[in-house]
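Here is how the chains run, residue by residue.
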Amino acid sequence: MNKAFFLDRDGTINVDKGYIHRVCDLELLDGAADAIRRMNQNGFKVIVVTNQSGVARGYFPYSAVQKMNDTLQKMLQNYHAHIDRFYVCPHHPDGIIKSYNISCTCRKPGLLLFQQAQKDFEIDMGQSYAAGDKLSDIQDLYKMGIRRTGLIGNSGRADCYSSLMEFTDSVLRECMNGN
């Protein structure tokens, strides 16, 4: 069984500029690449699960999401880091693109994409962690037995962290202490 970090993309790894779809707008958050490298080095699968409703809303095609993910992967390689796989929900019930205008269980807080990743990578959820910048990114993962979650860039809650690196450091300290 493998252990994993499940990460949201926009607002957790890269700056959330609202429906980002142009490569020129892709900007890593401070320390995010180093945090992912540390996850990789410590034997974690790094899985991105992201809602991309801009596809359903007609703001950009699905191919733009793929291009952004490919570019992000190339940027991370410069830091000797990588994402093991991206799982994307392009749906939204208010979308204008008919094929994506649906209510689905892959859109977070739905768990379908997490379940698919768990199956694809034989992930032990009890040894895995998740981070996102919105509560909907992590709120129902306890149902799958995930060890711990963190909100990135938020405050006012016990599970909030200023950055992905701060969350990663906290997790790795926990792992080193055998907790």
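Presented here is an overview of the structure given in this document. The structure displayed is predicted, hence computed values, not measured ones.

1. Remarks on the nonpolar core
Alright, step 1. Of all hydrophobic cores here, the largest spans 29 residues; its most connected members are L7, I13, I36, M39 and L164.
Alright, step 2. Mapped onto this core, the elements with two or more residues apiece are β1 (3-7), α1 (32-41), β2 (44-51), α2 (62-77), β4 (129-132) and α5 (164-176).
Alright, step 3. Excluding its chain neighbours within four sequence positions, the residues that come into contact with L7 are I13, I36, M39, V46, I47, V48, V49, A131 and L164.
Alright, step 4. One finds L111, A117, M144 and L151 within the second-largest nonpolar core, a separate group that totals 21 residues.

2. Quick word on the layout of surface pockets
Alright, step 1. Computed from the structure, the largest pocket encloses a volume of approximately 320 Å³.
Alright, step 2. Its residues assigned to classes, the lining of the largest pocket shows 2 nonpolar, 7 polar and 9 charged.

3. A look at the environment of F167
Alright, step 1. Topologically, F167 is positioned in helix α5.
Alright, step 2. Of the residues examined, F167 reaches a relative accessible area of 0% and is grouped as buried.
Alright, step 3. For the pair F167 and A64, spaced 103 residues apart in the sequence, the C-alpha separation amounts to 29 Å.
Alright, step 4. When near neighbours in sequence (up to four residues on either side) are disregarded, F167 contacts F5, Y129, A130, A131, R148, T149, G150, I152 and Y161.

Parameters at a glance
Residues numbered from 1 in each chain as written. Predicted model: local features only at pLDDT ≥ 70, side-chain atom pairs only at ≥ 80, totals over all residues. Heavy atoms only, no water. Core = buried A, V, L, I, M, F, W, Y, C linked by side-chain atoms within 4.5 Å. Buried < 20%, exposed > 50% of the residue type's maximum accessible area, 1.4 Å probe, protein only. Helix = DSSP H or I, 4+ residues; strand = E, 2+ residues; numbered from the N terminus. Contact = heavy atoms within 4.5 Å. 1 Å grid on protein atoms, 1.4 Å probe; cavity = no way out; pocket = protein on both sides within 12 Å on 5 of 7 lines; lining within 4 Å. Points joined across faces, edges and corners; volume = space filled by probe spheres on them. Nonpolar A, V, L, I, M, F, W, Y, C, P; charged D, E, K, R; others polar.

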